[in-house]
Amino acid sequence: MVTLKDIAEEAHVSLMTVSNVVNGKHNKVSKEKLKEIQDLLQKRNYVQNASARSLAKANSNIVAIILRSIGQENSLSSPHNAHLVGSIVRYIQELGYYAMINLVEDCTSIAKSIRSWNVQAAIFLGMFDDEIEQIYALSNIPMVFIDSYSAIRQLSNVGIDDYKGGQLAAEYLIKNGHKHVAFVSPPNYDNGVVQHRLKGFKDVLAQHGLSLNSEHCFSVISDADPEQINQAVDQLMLIKNEITAVFVTSDGLAASLISGLHRYGLRIPADLSVIGFDNMTISKQIYPPLTTIAQDLELKARLAVEILNGRLNNLNSSAESRILDVCLIERESVINISDQ
């Protein structure tokens, strides 16, 4: 690959002269040499190194998309995260920015990324609420969080009505005669997405004089880990005679559980009804097609980038929080047992 040094030697000029041309400082180069160097750059198909350019400029045009990763878990193996990140990248690029995706385990990793790459702004997914204050202390770049329940006032966030999602799931199961249910989710943190979905679910059960047995609640760190899925399936099989339905807080996890239950000969929904969350493509591809709580990931991604772009254009603009609605999509994974 051709370098600036190669161009400088061919044009019989200093490296600094070629650098001035590449970086648009044309007033420091004679007209004759300017044209000669530009012609050589085109002839030799010179492409400037993006990372070097970003570090040299005050504005790198790099927007970081930073995802929480737990241990060896690949956050992008989740259909939800993959879809959301892909949409964010597209909207960022449409605005003329570069997108940099980074998986992190702690705040130290975040600080290193922001400083090393001269990041101009960042969108955060899956951050723990107690970390957000630390993240703000790391940098003063514009930031937007997705699905955060932090109480920090200056936080810009785009999320969904997770509590309503839990309510809709419970209401639908109860309407179809299900009184004894289970709940399966990623790990349940004190004040996050799972907690709000669970609260909405339990509150509706309580309104109908029902309750959720704590022994019927399971967590799965990764729906891409066969061992964890098998453990969750085994747990469901142990209580299959005690429940008639299960609410799973992600479609990817629901699909993996249904596949595992099929291997045991369990019929869905005849033997066990299942309701998911997200309305991902997989919810229409599995058998039976999955009844699920739908959220608009495209809109979530677009709003996050729009808010971030607004902050980039006006660093003094106020924080903005948007909560998007959810709805139930009825398919074939829940059976009505009211008459049984």
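An account of the accompanying structure is given in this report. (Residues numbered from 1 in each chain as written. Predicted model: local features only at pLDDT ≥ 70, side-chain atom pairs only at ≥ 80, totals over all residues. Heavy atoms only, no water.)

**A few points about the overall build of the protein chain**
In step 1: Helices and strands together make up the secondary structure of the protein chain, namely 13 helices and 12 strands.
In step 2: Relative to the 2.2 N^0.38 estimate, which gives 20 Å for 340 residues, the radius of gyration of the protein chain is 26 Å and therefore markedly larger than a compact globule would have.
In step 3: With the C-alpha coordinates aligned to their principal axes, the bounding extent of the protein chain is approximately 90 × 40 × 30 Å.
In step 4: Counting only residues that meet the buried cut, the protein chain has 49% of its 340 residues in that class.
In step 5: Within the protein chain, contacts between residues at least 6 apart in sequence are counted, and of these 70% link residues at least 24 apart.
In step 6: Of the roughly 17000 Å² of accessible surface on the protein chain, a fraction of 48% belongs to carbon and sulfur atoms.
In step 7: Averaging the locations of the 30 positively and 37 negatively charged side chains of the protein chain gives two centres separated by 9 Å. (Helix = DSSP H or I, 4+ residues; strand = E, 2+ residues; numbered from the N terminus. Rg over C-alpha atoms; globule rule 2.2 N^0.38 Å. Buried < 20%, exposed > 50% of the residue type's maximum accessible area, 1.4 Å probe, protein only. Contact = heavy atoms within 4.5 Å. Areas by Shrake-Rupley, 256 points an atom, 1.4 Å probe, with all protein chains shown as cover. Lys, Arg positive; Asp, Glu negative; His and termini not counted. Charge placed at Lys NZ, Arg CZ, Asp CG, Glu CD.)

**Concerning helix α8 (residues 162-175)**
In step 1: Between its first and last C-alpha atoms α8 spans 20 Å; for 14 residues at 1.5 Å apiece the expected length is 20 Å, and the two agree.
In step 2: Restricting attention to buried positions, one finds in α8 the residues Asp162, Gly165, Gly166, Leu168, Ala169, Ala170, Tyr172, Leu173 and Ile174.
In step 3: The first or second residue beyond α8 is Gly177, which carries a positive phi of 90 degrees. (Expected span 1.5 Å × (residues − 1).)

**Remarks on the sheet that holds strand β5 (residues 157-160)**
In step 1: Strands sit in the order β2-β1-β3-β4-β5-β11 across an open sheet of six strands; the sheet is parallel. The open sheet terminates on both sides in strands that have one partner only, identified here as β2 (98-104) and β11 (321-324). Between one strand and the next, the sheet's axes are offset by a mean angle of 15 degrees, whatever the strand orientation.
In step 2: As paired strands, strand β1 (residues 62-68) and strand β3 (residues 121-125) are joined by five bridges and run parallel to one another. Across the sheet, Ile66 pairs through a bridge with Phe124, a residue of β3.
In step 3: Helix α7 (residues 129-138) contacts β1, β3 and β4 (143-146) of the sheet and is inclined by roughly 165 degrees relative to β4. (Pairing = 2+ DSSP bridges. Axes fitted to C-alpha atoms, helices over the stretch in contact; angles between N-to-C directions.)

**Focus on the sheet that holds strand β12 (residues 327-329)**
In step 1: Pairing is mixed across the open sheet formed by six strands, whose spatial order is β7-β6-β8-β9-β10-β12. The open sheet is flanked by β7 (217-219) and β12, the only strands paired with a single partner. In this sheet, neighbouring strand axes are inclined to one another by 20 degrees on average, regardless of whether the strands run parallel or antiparallel.
In step 2: With three bridges connecting them, strand β6 (residues 181-185) and β7 associate as parallel partners. Bridge assignment links Phe183 to a residue of β7, and that residue is Cys217.

**Thoughts on the pattern of salt bridges**
In step 1: Going through the model one piece at a time under the given rule, you end up with 11 salt bridges.
In step 2: Ionic pairing is found between Lys35 and Asp39, a salt bridge with its closest N-O pair at 2.9 Å. With a gap of four residues between them, Lys35 and Asp39 both fall in helix α3 (residues 31-43), about one helical turn apart.
In step 3: A relative accessible area of 52% places Lys35 in the exposed class.
In step 4: Taking the shortest distance from any N to any O, the salt bridge between Arg322 and Glu320 comes out at 3.9 Å.
In step 5: Relative accessible area serves as the criterion here: at 35%, Glu320 is assigned to the partly exposed category. (Salt bridge = Lys/Arg side-chain N within 4 Å of Asp/Glu carboxyl O.)

**Some remarks on unusual backbone geometry**
In step 1: A cis amide bond links Ile268 with the next residue in sequence, Pro269, at an omega value of 5 degrees.
In step 2: Here Pro269 lies in the loop between α11 (251-263) and β9 (273-278).
In step 3: In this structure, the amide linkage connecting Tyr287 to the following residue, Pro288, adopts the cis form with an omega of -5 degrees.
In step 4: In this structure, Pro288 sits in the loop between α12 (282-285) and β10 (291-294).
In step 5: The backbone of His12 shows a phi angle near 60 degrees, a positive value even though the residue is not glycine.
In step 6: Looking at the element boundaries, His12 is found in the loop between α1 (4-11) and α2 (15-22).
In step 7: A positive phi angle, near 60 degrees, is found at Asp147, a position not held by glycine.
In step 8: Assignment of secondary structure puts Asp147 in the loop between β4 and β5.

**Quick word on a nonpolar patch on the surface**
In step 1: A cluster of nonpolar side chains, Leu76, Ile101 and Leu103, forms an exposed patch at the surface whose accessible area comes to about 210 Å².
In step 2: Mapped onto the elements, Leu76 comes out in the loop between β1 and α5 (79-94). (Patch = residues over 30% accessible without salt bridge, like charges linked within 9 Å, V, L, I, M, F, W, Y side chains within 5 Å.)

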